[in-house]
Amino acid sequence: MKRKLIAAIGVAGMMAGLAACGDSETASNAKPEDRKENLTVWLMVDAQSTWPELVKDVNAQFKKKYPNVKVNVQYQGWADKAKKLDTALGGDKFPDVVELGNTETMQYILNGALAEIDPKKYENSDTWIQGLTDTCTFEGKQYCVPYYAGARVAVYNQEMLKKATGSDALPETEDAFLKAMDKVSKEYGEKDKRYSSLYLPGRYWYAAMSYVAAYGGQIAEYDEGSKEWKGTLSSPESQKGIQHFIDLVKKYNKADLTKDEQDHANVMANEKAGVIYGNGWEAGSVVDGKNNGNAKLEGKIATAGMPGPEGKALPSFIGGSDLGIVEKSKAKDLAEEWVSLFTNEKSMEVLASKNILPNNTKQLEPLKEKPETAAVANAVPDAWFTPIAPGWTSIEKEEVLKNMLLQIIKGDSVEKATKAADAKIDELINKG
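Residues numbered from 1 in each chain as written. Predicted model: local features only at pLDDT ≥ 70, side-chain atom pairs only at ≥ 80, totals over all residues. Heavy atoms only, no water.

Bringing the overall build of the chain into the picture now. Along the backbone of the chain there are 18 helices and 13 strands. Expected size for 432 residues packed as a compact globule is a radius of gyration near 22 Å; at 23 Å, the chain falls within 12% of this value. Expressed along its principal axes, the backbone C-alpha trace of the chain runs to roughly 70 × 50 × 35 Å. Counting every position in the chain, which comprises 432 residues, the buried fraction comes to 52%. Taking as baseline every contact in the chain between residues at least 6 positions apart, the subset at least 24 positions apart corresponds to 75%. Total accessible area on the chain is roughly 19,600 Å²; 49% of this is exposed by carbon and sulfur atoms. When the 55 basic and 63 acidic side-chain charges of the chain are each reduced to a single mean position, those positions are 4 Å apart. (Helix = DSSP H or I, 4+ residues; strand = E, 2+ residues; numbered from the N terminus. Rg over C-alpha atoms; globule rule 2.2 N^0.38 Å. Buried < 20%, exposed > 50% of the residue type's maximum accessible area, 1.4 Å probe, protein only. Contact = heavy atoms within 4.5 Å. Areas by Shrake-Rupley, 256 points an atom, 1.4 Å probe, with all protein chains shown as cover. Lys, Arg positive; Asp, Glu negative; His and termini not counted. Charge placed at Lys NZ, Arg CZ, Asp CG, Glu CD.)

Moving on, we come to the sheet that holds strand β11 (residues 273–279). Read across the open sheet, the 4 strands follow the order β8-β11-β7-β12; overall the sheet is mixed. Because the sheet does not close on itself, it has two edges, and the strands there are β8 (196–199) and β12 (301–304). For this sheet the average axis-to-axis angle between neighbouring strands, irrespective of direction, equals 25°. Both strand β7 (residues 152–157) and β11 contribute to a ladder of 5 bridges, which runs antiparallel. In the sheet register, arginine 152 faces β11, and the bridge partner there is asparagine 279. (Pairing = 2+ DSSP bridges. Axes fitted to C-alpha atoms, helices over the stretch in contact; angles between N-to-C directions.)

Chain-level pLDDT for the chain is 91 on average; 93% of the residues reach the 70-or-more range. Counted against residues more than four places away or in other chains, residues 1–26, with its pLDDT under 50, gives 41 contacts. (pLDDT = per-residue confidence, 0-100.)

Bringing the nonpolar core into the picture now. By size, the foremost hydrophobic cluster in this structure holds 55 residues, and its most contacted members are Met209, Ile219, Ile242 and Phe245. By size, the runner-up hydrophobic cluster in this structure holds 31 residues, among which are Trp51, Val97, Leu334 and Trp338. (Core = buried A, V, L, I, M, F, W, Y, C linked by side-chain atoms within 4.5 Å.)

Quick look at the domain arrangement of the chain now. Split into domains, the chain comes out as domain 1 (36–149 + 318–378) and domain 2 (151–315 + 387–427). Using C-alpha coordinates to define each centre, domain 1 is positioned 29 Å away from domain 2. Residue-level contacts link 10 residues of domain 1 with 10 residues of domain 2. When domain 1 packs against domain 2, the two sides together hide about 870 Å² of surface, and 69% of this comes from carbon and sulfur. Our enumeration of links across domain 1 and domain 2 arrives at 0 salt bridges. (Domains from an automatic or database assignment. Buried area = accessible area lost by both parts, 1.4 Å probe. Salt bridge = Lys/Arg side-chain N within 4 Å of Asp/Glu carboxyl O.)

With that out of the way, let us pick up the environment of alanine 164. Residue position: alanine 164 is located in helix α7 (residues 158–165). Separated by 122 residues in the primary sequence, alanine 164 and valine 286 place their C-alpha atoms 21 Å from one another. Those residues within four positions of alanine 164 in sequence are excluded, and the remaining contacts are Lys183, Val184 and Glu187.

Glancing now at the state of the cysteines. Considering all chains together, one arrives at 1 disulfide under this definition. Residue cysteine 136 pairs covalently with cysteine 144 via a disulfide, S to S 2.0 Å. The S-S bond linking cysteine 136 to cysteine 144 shows a torsion near -110°; that makes this disulfide left-handed. Judged on exposure class, the residue cysteine 136 and its partner cysteine 144 are both buried. (Disulfide = S-S within 2.5 Å.)

With that settled, the discussion passes to helix α14 (residues 345–353). When we look at burial in α14, the residues that qualify are Ser347, Met348, Leu351 and Ala352. In a view along the axis of α14, the buried residues occupy a sector of 145°, so they form one face of it. Taken together, the buried residues of α14 touch α3 (52–65), β6 (145–150), α13 (332–342) and α15 (361–364). The N-cap of α14, judged by a side-chain oxygen 3.2 Å from the amide nitrogen of lysine 346 a few residues on, is asparagine 344. Once α14 finishes, asparagine 355 follows within two positions and takes phi at roughly 65°, a positive value. (Arc of directions from axis to C-beta. Polar contact = N/O pair within 3.5 Å; in protein donor to acceptor, adjacent residues only side chain to side chain.)

Before going further, it helps to examine the packing of aromatic side chains. If you walk through the whole model with that rule in mind, you get 16 aromatic pairs. A ring pair is formed by tryptophan 205 and tyrosine 206, whose centres lie 4.0 Å apart and whose planes are at 25°; its orientation type is stacked. When its relative accessible area of 2% is taken as the criterion, tryptophan 205 is described as buried. Seen in terms of ring centroids, tyrosine 211 and phenylalanine 245 are 6.2 Å apart; in terms of plane orientation they differ by 40°. Their pairing is tilted. Here tyrosine 211 is found in helix α9 (residues 205–214), whereas its partner phenylalanine 245 is found in helix α10 (residues 236–252), with 34 residues between them in sequence. Through successive ring pairs, a cluster of aromatic residues spans Trp51, Tyr147, Tyr148, Trp338 and Phe342. (Phe/Tyr/Trp six-rings, centres within 6.5 Å; stacked < 30°, edge-to-face > 60°.)

Bringing the pattern of salt bridges into the picture now. Inspection of every chain in the model, using the stated rule, returns 19 salt bridges. Among the salt bridges present, the one from aspartate 57 reaches lysine 346, with a minimum N-O distance of 3.8 Å. Here the residue aspartate 57 occupies a position in helix α3, and lysine 346 occupies one in helix α14, the gap between them amounting to 289 residues. Among the residues examined, aspartate 57 registers a relative accessible area of 31% and is labelled partly exposed. We classify lysine 346 as partly exposed; its relative accessible area is 47%. A salt bridge links lysine 81 to glutamate 104; its shortest N-O distance comes to 3.1 Å. A residue pair is termed long-range when its members are at least 10 positions apart, and lysine 81 in helix α4 (residues 81–89) and glutamate 104 in the loop between β3 (97–101) and α5 (105–110) qualify at 23 residues. Assessed through its relative accessible area of 17%, glutamate 104 is described here as buried. Residues joined in a network through salt bridges with shared partners are Arg35, Glu37 and Asp333.

Take a look at the structure:
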């Protein structure tokens, strides 16, 4: 299947992209000091709040070589970025470089919005984290550059755990972990009926699919015979993982079972949970008093690898961001050079110093031993991802998973709910 350039952006958009290539090639023959284009970069607010000095330093390096090129970095919020980007790409005022969450990249690859990149032009590309590289790759070609990685881990209240069990270290095996949760439930749950020792929301599909992965299942797989993707949630392995997740939800979650994970850090901040399964950075959210967190819990919240079934760590979803160069850009070569500077080894050192996981395994390695990052860094290499399939580009697919879990919570059997979900996935995932 080829990228649907004409269908997605129209003939006019395609011609604009071709014209841009010509302009870029002509400009690239000029001396660096003679370049006078504007370069617009869209980064998410994380860069503005957590590593602004990196942005400043990269811009300074870039300006030293291209003194007359104006770099305009615009910071975006996750809530409305996609809508703003879609609108911008349909007009004539669009970014040259855009940060995308790794679950967004396939949509923009398929609709022709991102230019193909040559990994050889980027430092550390031979050690890029494979899970991130996969989110940028389609039909053997790459359309974005890995930026940083993330993974889900156990975020827990050390004080609560120690009071109930005598130790503030999270057990490494699931059997021991659940015994500890039983003790935490007894210690705090008898006084507060809404307290959850392990808070797993019922529609938390990332967590549910981690248990699916733990048992060897997956959301869908490509069938060579039919040349189509097939939903596989009704496989024995997937069903076993989903049932395990549902059993944990029903036993330990004493709040609303029908919610998703959007506010679980707040639940912990309100001291209504002993453990949540979240992104590593959510440990900071729990204690961030300026943003609905609880500053009184500072120093009491820790992270650890989440124990999974059969004596192994629970596989995590690979999170993170990528950087794409917009196909319609008239300064692709400049965009490429800016991204190269922003993602090279020197830049990744800045992220690593702030406990943000870099884009490559070489610089990830030391973080596996660092107490603040060990849990999340060790979760990355074996992390799973959603199907790298043309049809898995819409929120519709996530809603299928959430609704499947909700139906089971409400009383449907796992077998019935997973078969219905597979049928819907088959319908949606092969639209492209």
